[in-house]
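Commentary on secondary and tertiary structure
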Amino acid sequence: MADEARFLLLGGDARQTFLAEALKTRFPVGTLGVPALPDTPLEDGAHLVLPCPAFTPQGALRGEKAPPFSAVEARLRPGVTVYCGKPGALAATMERRGARVVDLLQDETAAWENARLTAEGALRLALEQGSLLGKACVVIGYGRIGRLLACLLWRMGAQVTVAARKAADRAMAEALGLRAVCPGDGLPETTALVFNTAPAQALPVAELAALEPACVWVELASAPGGLPDTPAFSFRKLDAGGLPGRFFPRDAAQVLCRAILRHLERGT
């Protein structure tokens, strides 16, 4: 029963702190390695809530105070659900111990809500570089984040170009009044900001090298991102991962809380 659920939150950033507060209004909640909260582990059998994303590339639980992965493994058993984001290969490791793994970022509603917060965070970073009115901005990729961000930039008066591989995505962007190109077909000479949402390099090196030194590259995608390791480029790069937790942790926590509640209500 949903009302009988208990949760243990482990690691993470400020989102986990606010998520613990939100869940406490309805359920018994314990925390372990959560920022600004004391360690209050529950007895065995509680559902686990890990960060979003859950693990570093090295397989460690994310968070400055996060316990080792062994603390997660010790609590895995049949009947336990692990809620997290992007568990990667470690999902199979946890499922072999009998637990069910739920990727909260696969929830369609949560994915769009999280994309909105990411787009708003990217806009905030852009405004720190100066006014967007009349500036040439490029959005690489036209998934959830790319679509929302392109619209936000356009509403702020930017001259927006969408670089997307799929013809249908380019057609959609053009239908909304944006300029759209296939990656490699050329970017505006006066490009001031590039927002990459593609998880792999989309622009050829020659096109990257043509960007002016004053251009700012905002990297929104997960590793490896949109830039090759070499060569070095003259423009400035801003690493912009985890913007919901960085700028809007309380709102991001509510997104995750609603996703957990939807899962419990479905009973799946």
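Everything here concerns the structure above.
Residues numbered from 1 in each chain as written. Predicted model: local features only at pLDDT ≥ 70, side-chain atom pairs only at ≥ 80, totals over all residues. Heavy atoms only, no water.

The parallel open sheet is built from 6 strands, whose spatial order is β8-β7-β6-β9-β10-β11. For this open sheet the edge positions go to β8 (179–181) and β11 (236–239), each flanked by a neighbour on one side alone. Across the sheet, the axes of successive neighbouring strands diverge by a mean angle of 20°, strand direction being ignored. Summarising the sheet, strand β6 (residues 136–140) and strand β7 (residues 159–163) pair through 5 bridges and their orientation is parallel. Across the sheet, residue Val139 finds its bridge partner in β7, namely Val162. (Pairing = 2+ DSSP bridges. Helix = DSSP H or I, 4+ residues; strand = E, 2+ residues; numbered from the N terminus. Axes fitted to C-alpha atoms, helices over the stretch in contact; angles between N-to-C directions.)

Time to look at the packing of aromatic side chains. Considering all chains together, one arrives at 6 aromatic pairs under this definition. Between Trp217 and Phe235 the ring centres are 5.8 Å apart and the planes differ by 20°, which places this aromatic pair in the stacked class. With Trp217 in strand β10 (residues 216–219) and Phe235 in the loop between β10 and β11, this residue pair connects regions lying 18 residues apart in the sequence. Each member of the pair, Trp217 as well as Phe235, carries the same accessibility label: buried. Three or more aromatic residues joined by ring pairs make a cluster, and in this case those are Phe7, Phe27 and Tyr83. (Phe/Tyr/Trp six-rings, centres within 6.5 Å; stacked < 30°, edge-to-face > 60°. Buried < 20%, exposed > 50% of the residue type's maximum accessible area, 1.4 Å probe, protein only.)

For the rest of this paragraph, the subject is the nonpolar core. Formed by 56 residues in total, the largest nonpolar core has its most connected members in Phe7, Leu153 and Phe195. By residue number, the principal contributor to this core is helix α9 (residues 249–266), which donates 9 residues. With sequence-adjacent residues up to four places away left out, Phe195 is seen in contact with Ala122, Ala126, Cys137, Val138, Val139, Ile140, Leu149, Leu153, Val218 and Leu220. Counting 22 residues, the second largest nonpolar core, distinct from the first, contains Leu32, Phe55, Ala71 and Leu90. (Core = buried A, V, L, I, M, F, W, Y, C linked by side-chain atoms within 4.5 Å. Contact = heavy atoms within 4.5 Å.)

According to the stated counting rule, one finds 7 salt bridges in the structure shown. Residue Asp13 pairs with Arg15 through a salt bridge whose shortest N-O separation is 2.9 Å. By relative accessible area, Asp13 is classed as partly exposed at 29%. Note that Arg147 and Asp169 form a salt bridge whose closest N and O atoms lie 3.8 Å from each other. Placement of Arg147 in helix α5 (residues 144–155) and of Asp169 in helix α6 (residues 167–175) is noted, with a sequence separation of 22 residues between them. (Salt bridge = Lys/Arg side-chain N within 4 Å of Asp/Glu carboxyl O.)

Viewed as axis vectors pointing N to C, helix α4 (residues 108–128) and α5 meet at an angle of 40°, and their least axial separation amounts to 8 Å. In terms of orientation, α4 lies oblique with respect to α5. In this structure, α4 crosses over α5, and the sense of that crossing is right-handed. Along the contact surface, α4 presents Glu108, Ala111, Trp112, Ala115, Arg116, Thr118, Ala119, Glu120, Ala122 and Leu123, while α5 presents Arg144, Ile145, Arg147, Leu148, Leu149, Leu152 and Leu153. A class-by-class count of the residues in the contact of α4 with α5 yields 11 nonpolar, 1 polar and 5 charged. (Parallel < 35°, antiparallel > 145°, perpendicular 65-115°, else oblique. Left-handed = near helix turned anticlockwise from the far one by under 90°. Nonpolar A, V, L, I, M, F, W, Y, C, P; charged D, E, K, R; others polar.)

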